[in-house]
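Analysis of the macromolecular model
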Amino acid sequence: MKNLFIIPLLLFAVVFANGQDTSSVYKKRVLESLELDILTSYFFQDGDNAAVTGGIGTEELTDFTTDIVVSIPLNDDDVLTIDGGISAYTSASSSNLNPFNKSSEAYDEEAEDGNPDGPVTGSPWVASSGSSKGDLWIHATIGYNHSSDNRNNIYSGHISFASEYDYTSFGFGGGYARLFNDKNTELSFKANVYLDKWSPEYPIEIISYINHGENLNAGLFNGVDILDQNGNVIDKNGTKVWSPINTTLVENKNRNTYSLSVGFSQIISKNAQFSVFLDVIQQEGWLANPMQRVYFGDRDNYYIGNPASIPIYTSKDNKDVFQLADDIERLPSSRTKYPLGARFNYYVNQFIVVRTYYRYYYDNWGVNSHTINLEVPIKIGMRFTLYPSYRYYTQTAADYFAPYETALSTSQFYTSDNDLSAFNSNQYGIGVSYTDIFTGFHIGKLGLKNIDFKYNYYQRNTNFNAGFFSLGFKFVVN
Amino acid sequence: MIKKLSMVALITLGSLTSCTVVKEYEMVNLNDPDMRLTSKKSDRFEISYQSYREAASGANGGKSGGGCGCN
């Protein structure tokens, strides 16, 4: 870890050992005119291993996002960028924070004397109508870039804010890039800090149990039968009853991230260039997601709902029984990540460019990963470009990952989040871009310069697939 | 290991910076928008979704762990 910080220092030495660029340079504006980017995306996914329901259950999710980015040239050298957006999602698994067919309000202290009408049921395979079924994520970033007169030194800084119902984030960072060797070589450094905070939401059965003094006749459990593995109603006042293993939930709501990035890019010839970049990311605080359930293999199972569906609990045919959680996921309060990436681009001819990307990643949670991406832009006429692409990704499991019902209560850390499991994925994409450098189409003072459209299909080898569309418009002020 | 990698990186970088220099007027092909060594703005969503759904992130100009409840 400590040695990794030596690399940037040594690279600094290389930069300045190459001497100062003394060539006189024509000073062109960094950004000729105000630019406006309107970017949207639609994402949908489905799978069978929802983390909120302990590694089993529907992962159906949709997300619609719109971002607006305004880049404003303040003078010849300085650019101010304002970037904001909103993301609206619906998630079947998140809705199952409260999977039962009664609203969470029915379980509030004020209402605890009232028995819900009809049998209470739920299922990890059915989206609940609970308030957590959807949310908005908003974000805003203000960035500032300054370039030196010879354009060989670029300084940048930014502040950011993001919020969703259970999470807020404040971030800031800065960077420095130096071009030398007649702008054939670039070395860059970036540092970012995110100071994030949970407003934790918990599985309904756990928070109700804690809020009602561990009383199985109050809150959620008031008037509701609890079933054992054989479908028999348990005696709530007996000794063999359900309880979460841990009644201490999120103690430290902070989740801070510190990252350092070093990048190096080099022109190899008139048609080829590459870059390599290394990030070191340190995260501290509550790194587990308090919404995500864990079921232990070495504890008895308890349910609410239809006893006849217990034998088919892990089948999609289960529409009316839900297993009570043993705990929320628990993960270490520290994580260090080391992603190392490289790009190589080659200009084949006036019609075809080959863009390649590779990343090796490892962290101290035991995850090793490789990512390969290939994109081959094909120009069709003066204004259109096709973007076929392929991406392969593979990762090993985190040390703390255990599938549904296999974690052990004797472990200190555990998660059934399949995003931390071993898997590989293939992603196939096709995009098309329209570019009009003369901005012939206008809306008021805004000239349309570019339209980007892309569709990606993503498939894991673990019954998970997703698709996403993105559409972007770039306008310039004439 | 890290020291060896650092040395290899330094020697490689040192030798690369002494390669034949491509002059600015020769950079027509390199200045093609598709030759940029970064992602397009519209790729930000793709990178964001991947950082939510995969354990690995970073080294791609996108999110690396902060600012969201992602991995």
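Residues numbered from 1 in each chain as written. Chains lettered and ligands numbered in written order. Predicted model: local features only at pLDDT ≥ 70, side-chain atom pairs only at ≥ 80, totals over all residues. Heavy atoms only, no water.

Considerations on helix 2 (residues 44–53) of chain B
Which entries qualify depends on this criterion: The classification of residues rests on relative accessible area computed with a 1.4 Å probe and restricted to protein chains. Under 20% of the type maximum is buried, over 50% is exposed, and intermediate values are partly exposed. Strands here mean DSSP runs of E at least two residues long; helices mean DSSP runs of H or I at least four residues long; both are numbered from the N terminus. A contact between two residues is defined here by any heavy atoms of the two lying within 4.5 Å.
In terms of burial, helix 2 of chain B is a largely internal element, eight of the ten residues being buried. Every buried residue belonging to helix 2 of chain B is among F45, E46, I47, S48, Y49, Q50, S51 and R53 of chain B, and all of these are buried. Buried-residue contacts for helix 2 of chain B involve strand 1 (35–47), strand 2 (61–73), strand 18 (384–395), strand 19 (423–435), strand 21 (446–460) and strand 22 (464–477) of chain A.

Some thoughts on the confidence of the model for chain A
Residues and elements named next belong to chain A. Filter applied, for reference: Confidence scores here are pLDDT values: one per residue, from the predictor, ranging 0 to 100.
Mean pLDDT for chain A: 90, with 91% of residues reaching 70 or above. The model gives residues 7–23 a pLDDT under 50, and that stretch makes 29 contacts with residues more than four places away or in other chains. Segment residues 109–114: pLDDT under 50, and nine contacts once partners within four positions in sequence are set aside and those in other chains are kept.

With respect to the confidence of the model for chain B
Looking at chain B as a whole, its pLDDT mean stands at 76, while 58% of the residues score no less than 70. For this predicted complex, the interface score ipTM comes out at 0.86, while the overall pTM is 0.89.

Thoughts on the interface of chain B and chain A
Spelled out, the test is: Accessible surface is computed with a 1.4 Å probe, and the buried area is the amount of it that two parts give up when combined, taken over both parts together. A pairing counts as a salt bridge when a side-chain nitrogen of Lys or Arg comes within 4 Å of a carboxyl oxygen of Asp or Glu. The definition of a polar contact used here is a pair of N or O atoms within 3.5 Å, where within protein one atom must be able to donate a hydrogen and the other to accept one, and adjacent residues in sequence count solely through side-chain atom pairs. Residues are grouped as follows: Ala, Val, Leu, Ile, Met, Phe, Trp, Tyr, Cys and Pro are nonpolar; Asp, Glu, Lys and Arg are charged; all remaining types, including Gly, are polar.
Between chain B and chain A, the contact holds 49 residues from the first and 90 residues from the second. Together, the buried faces of chain B and chain A total about 5,900 Å²; carbon and sulfur atoms form 53% of this surface. Our enumeration of links across chain B and chain A arrives at eleven salt bridges. Residue R44 of chain B pairs with D67 of chain A through a salt bridge whose shortest N-O separation is 2.7 Å. Inspection of the chain B/chain A interface yields 33 residue pairs in polar contact (both at pLDDT 80 or more). Of all elements in the fold, only helix 1 (2–16) and helix 2 of chain B reach the threshold of two or more residues within the side of chain B that touches chain A. Among the residues making up the side of chain B that touches chain A, the classes are represented as 18 nonpolar, 17 polar and 14 charged.

Concerning a nonpolar patch on the surface
Residues and elements named next belong to chain A. Note the threshold: To count toward a patch, a residue needs a relative accessible area over 30% and no salt bridge; like charges are then connected within 9 Å, while nonpolar side chains (Val, Leu, Ile, Met, Phe, Trp, Tyr) are connected within 5 Å. All accessible-area figures derive from a Shrake-Rupley calculation using a 1.4 Å probe, and residue coverage is judged against the displayed protein chains alone.
A surface patch of nonpolar side chains, amounting to about 820 Å² of accessible area, comprises Y42, F44, F64, I380, F384, L386, I430, V432, F453 and F469. Of all the secondary-structure elements, those providing two or more residues to the nonpolar patch are strand 1, strand 18 and strand 19. Relative to the assigned elements, L386 resides in strand 18.

Notes on the packing of aromatic side chains
All names here are of chain A. Quick note on the threshold: Put simply, two rings from Phe, Tyr or Trp (the six-membered ring, in Trp's case) pair if the centres are within 6.5 Å, and we call them stacked under 30 degrees between planes, edge-to-face over 60, tilted for the rest. For a lysine, the NZ atom is tested; for an arginine, the CZ atom; a charge sits over a ring if that atom is within 6 Å of the ring centre and within 35 degrees of the ring normal.
Under the definition given, this model contains 27 aromatic pairs over all chains. With centroids separated by 6.4 Å and ring planes inclined at 35 degrees, the aromatic side chains of F44 and F469 adopt a geometry described as tilted. On the criterion of sequence distance, the pair formed by F44 in strand 1 and F469 in strand 22 is long-range, its members being 425 residues apart. Look at Y338 and Y362: their rings are 4.8 Å apart centre to centre, the planes differ by 25 degrees, and that puts the pair in the stacked class. Taken together, the positions of Y338 in strand 14 (residues 334–347) and Y362 in strand 15 (residues 353–363) put the pair 24 residues apart, joining distant regions of the chain. The class of Y362 is partly exposed, set by a relative accessible area of 34%. An aromatic cluster is defined as three or more aromatic residues linked by ring pairs; in this entry it consists of Y42, F44, F453, Y455 and F469. Note that R335 overlies the ring of W365, its terminal NZ or CZ placed 4.4 Å from the centroid.

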